[in-house]
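# Structure at a glance
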Amino acid sequence: MTAKIRNTLALTGFAFLFAATCAWAQPQPTRVAGTIQGIDGATLVVKTEKGEVKVNVSDQLRVMGVEKVSMNDVKKGDFVGVGAMPQADGSQRAIQVTIFAESQRGQGEGHRPWSRDPKGTMTNATVDTTVAGVDGQALMVKYKDGEKKIIVPPDVLVLRYVEGDKSELKPGAQIAISNPAKLPDGTFETSRVNVGRGGYAPQ
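Just so it is clear, the model here is predicted, and its values are computed rather than measured.

### Side note on the side chain of asparagine 194
Considering the arrangement of structural elements, one finds asparagine 194 in strand S13 (residues 188–196). The buried category is assigned to asparagine 194, whose relative accessible area is 5%. In this structure the side chain of asparagine 194 is engaged in a polar contact, spanning 3.1 Å, whose partner is the side chain of arginine 192. Ignoring sequence-local partners within four residues, the contact set of asparagine 194 consists of Met64, Val66, Tyr161, Gln174, Ile175, Ala176 and Pro202.

Okay, here's the thing in structure tokens:
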């Protein structure tokens, strides 16, 4: 083996190791989900699967209610988010459908990979048509760069966001917080909380 080849292999190995190390070192998204156990001023004490955590909420806190609904609640003109799996015919088979509040219209609009499933897709778009079919409801959704046909099986989870209120944050409430800031003392801080309604526990 020549010195040139050895050097090339060494550099390749180093580059691979460096990339792998960087990927491992990337901070993972944080999510807090659980039941409010108590409230101390602007701090929520939340019981999660991993134990009790404290979350400080900002003065500009936004509360969004999350409720479980059905495909009958999805109407033309709604702005929705659909987690799905691509099908051979080019359509998408829905895994979860979320109806956004009007104040969230346009949020994350487009079609992209789904962070929850590397094989899946996420489409945030406006419902153009909805038609009942043999395999479930067929949605045609449109976003600024295109459109997608989405098949929604009867058993798919359908959620709806609605504007909430701070008064909903009380002991016993089921909440979820995406990407809160983690403080040096181990507590968290956030300006948004999703709170379940009608017995639904947001994840």
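We are not done yet, so read on.
### Here we look at the confidence of the model for the chain
Residues of the chain with pLDDT of at least 70 account for 86%, and the chain-wide mean is 87. Throughout residues 4–28 the model reports pLDDT below 50, and contacts reaching past four residues in sequence, or to other chains, amount to 2 contacts.

### As for the pattern of salt bridges
For the coordinates displayed, the defined rule picks out 8 salt bridges. Between aspartate 73 and arginine 160 there is a salt bridge, with its nearest N and O atoms 3.9 Å apart. In this pair, aspartate 73 is assigned in the loop between strand S3 (51–69) and strand S4 (79–86) and arginine 160 in strand S10 (residues 157–163), connecting sequence segments 87 residues apart. We classify arginine 160 as partly exposed; its relative accessible area is 26%. With its nearest N and O atoms 3.3 Å apart, the salt bridge here joins lysine 76 to aspartate 128. Of this pair, lysine 76 sits in the loop between S3 and S4 while aspartate 128 is found in strand S7 (residues 117–133), placing the two residues 52 residues apart along the sequence.

### Re the environment of arginine 192
The residue arginine 192 is located in strand S13 in this model. Sequence spacing of arginine 192 and leucine 61 is 131 residues, and the spatial spacing of their C-alpha atoms is 5.5 Å. Sequence-distant contacts of arginine 192, that is, excluding residues within four places in its chain, are made with Leu61, Arg62, Met64, Gln104, Tyr161 and Ile177.

Calculation notes
- Residues numbered from 1 in each chain as written.
- Predicted model: local features only at pLDDT ≥ 70, side-chain atom pairs only at ≥ 80, totals over all residues.
- Heavy atoms only, no water.
- Helix = DSSP H or I, 4+ residues; strand = E, 2+ residues; numbered from the N terminus.
- Buried < 20%, exposed > 50% of the residue type's maximum accessible area, 1.4 Å probe, protein only.
- Polar contact = N/O pair within 3.5 Å; in protein donor to acceptor, adjacent residues only side chain to side chain.
- Contact = heavy atoms within 4.5 Å.
- pLDDT = per-residue confidence, 0-100.
- Salt bridge = Lys/Arg side-chain N within 4 Å of Asp/Glu carboxyl O.

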